[in-house]
Every structure is written in structure tokens, then in C-alpha cells.
Amino acid sequence: MADLAEKEMDNPTFRSDTVLSDVHLHCPSKRHLMVRLNAVGQPVFLSYFKLLWSTEDLASGKHMREITTGREQQCRSGDELCDKDRSNVKEEGELNSEGVEALLDDDGDLEVVRRPRSASNLQAEDLLRDIVCPVILMKGKEDAFEDEEQECTCSNVVKIEHTMATPLEDVGKQVWRAAFLLADYILFQRDTFRGCSVLELGGGTGITSIIMGTVAKRVYCTDVGEDLLAMCEQNVALNKHLMEPGGGEIKVKELDWLKDEFCTDPEAPYSWSEEEIADLLDHCSVIMAADVFYDDDLTDALFRTLYRITHNLRNSCTVYLALEKRLNFTLRHMDITCEAYSHFRNTLNDLENLQDGKMKYTVEHIKPDFCQFLVYERIEQL
């Protein structure tokens, strides 16, 4: 028995099939309204994600320079406040140094003025990473969101239905940070995407396609799984008000990377018509994907799909890929690694070096130093 125990300890295995996005723990939406159960019995929540600038302001033609200047002025005024605070601290320090004897007790020991415990809560509000304990609200308690609705106008909120803490195969039902990063870039480069025909691979809850729909002419938001696609379609309906000013259209469609053809079965939900396939191949100039590189087999399948689609496009296109490098400690390497990202980079290099006489791919890294339009935590691993 002892030998068996030692043998088992030589090869420890840790397994967990539950994944939770940081967005649902660290986001301004402190309360999550549970609206229903999906077809597989998972709770579906509704969260509000704020835009720092409303789509009405962006659509009105306000130049990005004006917006950026406004933020710089805020920063400068903040610096002035900081300088003022620092001068006050200095003045207080001088006063204290003059009256230092007043801080000594009868025995000559220094008296330390301790901060009240309640003050720690005020300090927590100033942290960059707001610690949130979500309160799950059941359907029928919509009035609990009245405060948020009063603060948020229709033009500065994205409403997203999603799940939390799903198995790995259902991570598309959650919201991930790279989707916000790509959405930021879309809003920052609105003129680049205006009037385009766009394909999103692995659209998940649809938040990136929804933001793209505010400027693009048509967006094909694709993924697999009827339950996920139904949730995505519901999110598109919830945010029609954001797309109406620009006249954008979002079509939710099935696209399985493990299959070589589009699903054209008229009996299947979210299938493609021949006209839609022709429209995509004739007019698509932008392809995008966010946070879909977490499994090596799926990464390989995505790049095969990417090659097949771009090979059949009438015009050249630009592909935007956003991801988060997730660092993990592995027993195999006895070190912190990022295997999924390494495999992604290797596959991307293979595509760039591909020489088949038909297609040519060039890769460019975009620094994530552009303006932030959505409220989320932009970490350095994005």
C-alpha cells in the first residue's frame, strides 16, 4: 500500500473543468441579474457594460482629438489636485515637526494615530482593480437595476446576456477581456471600419460584433452551438439602439471550424443561404476574432478556416486577432509558461511564411496604447 501511494504521488494530477472570466469578477456591474436558465440548465445573467463615450457623441462627428484633449485636461486637473494635496501634506508635515512633542505620551513614547477601520473601504474605491462581489438577482427583481438605468443612457450602455463559471467547451458564453480590447480598437479606428462587411470568428456573446455593428455596414457574427447562437442573437436584439444611428446590420450564423464548408441546411438554425455566402465572399474586407486561442486543436482549426475563407474572398482583407496571454505554472516545465500563446504564435508564423503561390500574409503587431472606450481592466497581458 505504501508503494502504491508513493507511485501515485509521483504523478499528481489536478483537474478542473470550470472556467470563470475575470470580467465577471472585476467589472463595474456589481450586480448580475439572472434572467433565465438556458437549454442546458445554465443560469443566464444580464450585465451592463458602460461606454466611456456614448455612440451618439461618436456618431455626431466629434473628432477623436477633441475627446482625447478632454481626457488630457482631466488628467492635468487631476495632477493639479495631486500637487495641491502634496503641498498640503508638506505643510502638515512642517506643523507636525514643530509640534512633535504633542505626539508623545507621559512616558515619552510616540503616540501613533491609527486610521479607523472604516477608512479602508474608502481606499479600496481608489484601487485600479475594483474588487467586486456580484450579487445575483432573480428574475422579477428588475427594479433593482433602477439606479443603473438612471445613470446609464441608451447610448452609453451595452447590455449583454452571458453565463458564468462554465465548462471549457462553453467559455464562449462568457465575456472575455480581449473582446473589450478589440472593441476599443474598433471605436478608436471608426473611420477604418465604416461601411465595411465584416466576419467575426468565435463571436461568443457577440459584444465585439455589436460594437463593430455601430460603424460597419454588415457583420456576420459566427460561432457553434444553437444555445450560444441564440444567446448571441438575443444580445444583438438588446443593443439594436446602438446600431440604428449608423444603419449597421448583424447576422448571427453558424460556422464550425472543424468542417470545411458553410452550413447550408435550411432546416438547421443559423444556417447560411447561398446569397449570404456569396455576399460574404464578394464584399468581406475585415475578419476578426477575440480570445479564441486557448486550445491547440481549435487554434489549428481556426487557422485552416481562416486560410480557406481568405483564399475564396474576391478582395484582400485585414484580419484582427485579439487575445490575452494566460500564464500558468505547469508541472511538466516546473515553470510559468503560456503554451496556448506559444502555439498561436508558431501557427501565425507558419501562415506568414506560407508560400503556395496563391496567398500572401503579412503580420503586424498593434500596440494596445490606444484610447479606452469601455469600462474594463486593460491588463498588460492583453
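Residues numbered from 1 in each chain as written. Predicted model: local features only at pLDDT ≥ 70, side-chain atom pairs only at ≥ 80, totals over all residues. Heavy atoms only, no water.

Summing up its helical and strand segments, the protein chain has 13 helices and 11 strands in all. Counting only residues that meet the buried cut, the protein chain has 40% of its 382 residues in that class. Contacts in the protein chain between residues at least 24 apart in sequence constitute 73% of all its contacts with a sequence separation of at least 6. Summed over all atoms, the accessible surface of the protein chain reaches about 23,000 Å², with 50% contributed by carbon and sulfur. (Helix = DSSP H or I, 4+ residues; strand = E, 2+ residues; numbered from the N terminus. Buried < 20%, exposed > 50% of the residue type's maximum accessible area, 1.4 Å probe, protein only. Contact = heavy atoms within 4.5 Å. Areas by Shrake-Rupley, 256 points an atom, 1.4 Å probe, with all protein chains shown as cover.)

Of all hydrophobic cores here, the largest spans 47 residues; its most connected members are Val-158, Phe-180, Ile-186, Phe-193, Val-198 and Met-212. Discounting residues that sit within four places of it in the chain, Met-212 has contacts with Ile-186, Phe-193, Val-198, Val-219, Val-286 and Met-288. By size, the runner-up hydrophobic cluster in this structure holds 26 residues, among which are Leu-199, Tyr-220, Phe-344 and Tyr-361. (Core = buried A, V, L, I, M, F, W, Y, C linked by side-chain atoms within 4.5 Å.)

This paragraph deals with the confidence of the model for the protein chain. Residues with a pLDDT of 70 or more make up 67% of the protein chain, whose mean pLDDT is 79. Here residues 118-132 scores under 50 on pLDDT; set against residues more than four positions off or in separate chains, the count is 16 contacts. A low-confidence stretch, residues 141-145 (pLDDT under 50), is modelled with nine contacts involving residues beyond four sequence positions or located in other chains. (pLDDT = per-residue confidence, 0-100.)

Below, the discussion takes up the pattern of salt bridges. Evaluation of the coordinates by the stated rule reveals 15 salt bridges. Residues Arg-177 and Glu-377 are paired through a salt bridge, measuring 3.1 Å at the closest nitrogen-oxygen approach. Residue Arg-177 is located in helix 6 (residues 177-188), and its partner Glu-377 is located in the segment after helix 13 (339-352); the two are separated by 200 residues in the primary sequence. Put simply, Glu-324 and Arg-326 hold a salt bridge, and the shortest N to O gap is 3.6 Å. Overall, the relative accessible area of 29% leaves Arg-326 in the partly exposed class. Overlapping salt bridges bring together Asp-22, Arg-177, Asp-291, Glu-324, Arg-326 and Glu-377 as one network. (Salt bridge = Lys/Arg side-chain N within 4 Å of Asp/Glu carboxyl O.)

Let us look at the packing of aromatic side chains. One pass over the full model with this rule turns up 13 aromatic pairs. Ring geometry for Tyr-185 versus Tyr-320: centroids 5.7 Å apart, planes at 45 degrees, classification tilted. Taken together, the residues Tyr-185 in helix 6 and Tyr-320 in strand 9 (residues 318-322) connect sequence positions 135 residues apart. Using a relative accessible area of 14% as the deciding quantity, one classes Tyr-185 as buried. Centroid distance Tyr-220 to Trp-272: 5.2 Å. Interplanar angle 25 degrees. Geometry classified as stacked. Remark: Trp-272 occurs in the loop between strand 7 (249-254) and helix 11 (274-283) and Tyr-220 occurs in strand 6 (residues 218-223); sequence separation between them is 52 residues. Residue classification places Trp-272 among the buried residues on the basis of a relative accessible area of 2%. (Phe/Tyr/Trp six-rings, centres within 6.5 Å; stacked < 30°, edge-to-face > 60°.)

The subject of this paragraph is the sheet that holds strand 5 (residues 197-200). Strand-to-strand pairing in sheets goes through backbone hydrogen bonds, with the strands running parallel or antiparallel. Within the open sheet, the five strands sit side by side as 7-6-5-8-9. Their pairing is parallel. With one partner strand each, in any of the chains shown, strand 7 and strand 9 form the two edges of the open sheet. Averaged over all pairs of adjacent strands, the angle between their axes in this sheet comes to 20 degrees, without regard to strand direction. Summarising the sheet, strand 8 (residues 284-290) and strand 9 pair through five bridges and their orientation is parallel. Across the sheet, the residue bridging to Met-288 is Tyr-320, located in strand 9. Taken strand by strand, helix 6 contacts strand 8 and strand 9, and its axis lies near 145 degrees from that of strand 8. Across the face of the sheet, helix 12 (residues 296-312) comes into contact with strand 5, strand 8 and strand 9 while running at roughly 175 degrees to strand 8. (Pairing = 2+ DSSP bridges. Axes fitted to C-alpha atoms, helices over the stretch in contact; angles between N-to-C directions.)

Time to look at helix 6. Look at helix 6: 17 Å from first C-alpha to last across 12 residues, which is about the 16 Å you get at 1.5 Å a residue. Burial analysis of helix 6 places 11 of its 12 residues in the buried class, the great majority of the element. (Expected span 1.5 Å × (residues − 1).)

Okay, the layout of surface pockets next. Space inside the second largest pocket adds up to approximately 1,100 Å³. Along the wall of the second largest pocket there are 35 residues; nearest its centre are Val-319, Tyr-320, Leu-321, Val-363 and Glu-364. Among the secondary structure elements, those contributing two or more residues to the lining of the second largest pocket are helix 6, helix 12, strand 9 and helix 13. Considering every element that reaches the lining of the second largest pocket, the biggest residue donor is helix 13, with six residues. A class-by-class count of the residues in the lining of the second largest pocket yields 22 nonpolar, seven polar and six charged. (1 Å grid on protein atoms, 1.4 Å probe; cavity = no way out; pocket = protein on both sides within 12 Å on 5 of 7 lines; lining within 4 Å. Points joined across faces, edges and corners; volume = space filled by probe spheres on them. Nonpolar A, V, L, I, M, F, W, Y, C, P; charged D, E, K, R; others polar.)

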